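# Observations on chain architecture
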Amino acid sequence: MSKRNGKMKYLAIGAAGLIAAGGLALDATYQIQEQEQAVLTTFGVPKAVNETGLHFKVPFVQQVQKVNTTIQGFPIGYSMGNNEVVENEGIMITSDYNFIDVDFFVEYRISEPVKYLYTSEQPEEILKNIAQSCIRTVIASYNVDEVLTTGKGEIQSKIKEMILNQMEEQDLGIQLVNITIQDSEPPTEEVMKAFKEVETAKQGKETALNNANKYRNEKLPEAQAQADQIIQDAEAQKQVRINEAEAEVARFNAMYEEYVKNPETTKMRMFYETMEDVLPGMKIVIDNGSGVEKILPLDSFSGDWKTEEDTSEETK
C-alpha cells in the first residue's frame, strides 16, 4: 500500500508540473490576428505590437491587451437594435427656427492602440460627444429645406472636417473614417410642441431683455439731460450770486468813498433812501427843532442829490 501511495503522489506531482508548464507555455505566447493589434505592458510601460502572428512574452511579468483595428461605427439619433428615434440626439433646430429629426452614422477605427487604451477611459464616448456637438453646430447654420434635400452632401463634409479638427486636438488614438446622414425628417408633433414651448420661452426672455434695454436707453439720456440742466442752472445761479455780490461790494466801496468825503451828508442820504424804501408813497415831515415843520416829497437818492442850501441858491 505504501509503494502504491508513493507512486500516486509522484504521478500527481508530475501532472501538476505538466499543467504548470503548460500554463507557463500558454502565458508565454500570444497570437495577433489580421485587423488586430496588441499592447504589451512591461512593469506598467506600454508598447504597441502590430505584427500579426505568434509572439512571446515573459509570463506573469508582461501583460497583453488586444484591440480591434477594423472599421467600427455607432448611430446618432436612432437605436441600432430596433431603429427607434433617440430624441435627445436626433432632434435639432435649423437656422430658420424649424425643428428636424436627423439620423447619422459615424464610422471610426483605432489608429494608435496605446493612446486608445491609456489616454482616456471612454474614447468612443468622447468621439460621440464631439460628433453631436459638431452636428448641431452645422445643422444650425442651414435652413430646413437644405437639410432635407439639397444640402446633405455639404453638411456631411463640414461636420466631418470639424470632427477631424477636434479629434486631432484630443489625440485619443481614434481616427474618424466617415460620417453620413442616414435620414432626415420633421419630428413628431409632441416633440415639436415641446421644442416650440422652449423656443417661445427663450424668445420671451429675449423680448423682456430687449424691452428693458430699450427702456434704459430711453431713460438714461433723459436723466443725463436733466442732470446736465441742473448743473447748468446751478452754475448760472452761482454766477448770478457772484455778480450780485461783486455789485454789492462795488456799491459799498463807492458809498464808503462818499462817506469818507461827506460823512454827515452820506448818512442822511442813506437814511432818506432807507425810509423811502420802507415807506413808499408817503410824505415825510421834518422838524428842525425850532418848531418849524416842513412836509417834503422825497425824490430818490439814486440820481443826483442836492442839499437844502443848493435848492435855496437855485431859487434865488
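To start, this report covers the structure provided alongside it. These numbers were taken from a predicted model, which means no experiment stands behind them.

## Focus on the overall build of the protein chain
The helix and strand inventory of the protein chain stands at nine helices and 11 strands. When each of the 316 residues of the protein chain is scored for burial, the buried share is 23%. For the protein chain, the share of sequence-separated contacts (at least 6 apart) that also reach a separation of at least 24 residues comes to 67%. For the protein chain, the exposed surface amounts to about 22,200 Å²; the carbon and sulfur share of it is 54%.

## Remarks on a nonpolar patch on the surface
Nonpolar side chains collect at one region of the surface, where Phe 252, Tyr 256, Tyr 259 and Val 260 lie side by side and expose about 440 Å² of accessible area between them. You can see Tyr 259 is positioned in helix H7 (residues 189-261). By relative accessible area, which is 35% here, Tyr 259 ends up partly exposed.

## Side note on the nonpolar core
A general trend in soluble globular proteins is that nonpolar side chains are found buried together. If you look at the biggest cluster of nonpolar residues, it comprises 30 residues, and the most contacted ones within it are Phe 104, Val 106, Leu 127, Ile 135, Ile 155, Ile 159 and Ile 163. Of all the secondary-structure elements, those providing two or more residues to this core are strand E6 (72-76), strand E8 (99-110), helix H4 (123-139), helix H5 (144-148), helix H6 (152-170) and strand E9 (174-185). For this core, the leading source of residues is H4, giving seven residues. Leaving out residues up to four positions away in the same chain, Ile 155 has contacts with Val 138, Ile 139, Tyr 142, Glu 146, Val 147 and Ile 181. If you look at the next biggest cluster of nonpolar residues, it comprises five residues, including Tyr 30, Ala 38, Leu 40 and Val 49.

## Re the packing of H4 against H6
Angle between the axes and distance between the axes: these two values describe a pair of packed helices. Two elements in contact, H4 and H6, have axes whose closest approach is 9 Å; the angle formed by their N-to-C orientations is 140 degrees. When the interaxial angle is binned, H4 and H6 end up oblique. For the crossing formed where H4 meets H6, the hand is right-handed. Contacts between H4 and H6 involve Leu 127, Ile 130, Ala 131, Cys 134, Ile 135, Thr 137, Val 138 and Ile 139 from the former and Ile 155, Lys 158, Ile 159, Met 162, Ile 163, Gln 166, Met 167 and Gln 170 from the latter.

## Here we look at the pattern of salt bridges
When their charged atoms lie close together, side chains carrying opposite charge are able to pair. Enumeration over the complete set of coordinates arrives at six salt bridges. Here Glu 89 and Lys 128 are joined by a salt bridge, their closest N and O atoms 3.1 Å apart. Of this pair, Glu 89 sits in helix H2 (residues 87-90) while Lys 128 sits in helix H4, and the two are 39 residues apart along the sequence. The salt bridge involving Glu 154 is made with Lys 158; its shortest N-O contact spans 3.7 Å. Taken together, the residues Glu 154 and Lys 158, both in helix H6 and four residues apart, mark about one turn of the helix. Classification of Glu 154 by relative accessible area gives partly exposed; the value is 45%. For Lys 158, a relative accessible area of 38% corresponds to the partly exposed category.

## A few points about helix H8 (residues 263-278)
For H8, with 16 residues, the first-to-last C-alpha span of 22 Å sits near the 22 Å given by 1.5 Å per residue. If you check which residues of H8 are buried, you get Thr 266, Tyr 272 and Glu 273. Down the axis of H8, the smallest arc covering the buried residues is 130 degrees, so these residues share one side. In this structure, H8 carries Glu 264 and Val 278 as exposed residues pointing more than 90 degrees from its buried face.

## What about unusual backbone geometry?
One non-glycine residue with positive phi stands out, namely Phe 43, at about 50 degrees. Residue Phe 43 is classed as exposed on the basis of its relative accessible area of 73%. Even without glycine at this site, Asp 171 takes up a positive phi of about 55 degrees. Within the secondary structure layout, Asp 171 lies in the loop between H6 and E9.

## Considering the packing of aromatic side chains
Under the criterion given, the structure shown has one aromatic pair. Aromatic side chains Phe 74 and Tyr 108 sit 5.9 Å apart centroid to centroid with 50 degrees between the ring planes, which places their arrangement in the tilted category. Of this pair, Phe 74 sits in strand E6 while Tyr 108 sits in strand E8, placing them 34 residues apart in sequence. The pair formed by Phe 74 and Tyr 108 is uniform in burial state, with each residue classed as buried.

Each value, and the rule that gives it
- Residues numbered from 1 in each chain as written.
- Predicted model: local features only at pLDDT ≥ 70, side-chain atom pairs only at ≥ 80, totals over all residues.
- Heavy atoms only, no water.
- Helix = DSSP H or I, 4+ residues; strand = E, 2+ residues; numbered from the N terminus.
- Buried < 20%, exposed > 50% of the residue type's maximum accessible area, 1.4 Å probe, protein only.
- Contact = heavy atoms within 4.5 Å.
- Areas by Shrake-Rupley, 256 points an atom, 1.4 Å probe, with all protein chains shown as cover.
- Patch = residues over 30% accessible without salt bridge, like charges linked within 9 Å, V, L, I, M, F, W, Y side chains within 5 Å.
- Salt bridge = Lys/Arg side-chain N within 4 Å of Asp/Glu carboxyl O.
- Core = buried A, V, L, I, M, F, W, Y, C linked by side-chain atoms within 4.5 Å.
- Axes fitted to C-alpha atoms, helices over the stretch in contact; angles between N-to-C directions.
- Parallel < 35°, antiparallel > 145°, perpendicular 65-115°, else oblique.
- Left-handed = near helix turned anticlockwise from the far one by under 90°.
- Expected span 1.5 Å × (residues − 1).
- Arc of directions from axis to C-beta.
- Phe/Tyr/Trp six-rings, centres within 6.5 Å; stacked < 30°, edge-to-face > 60°.

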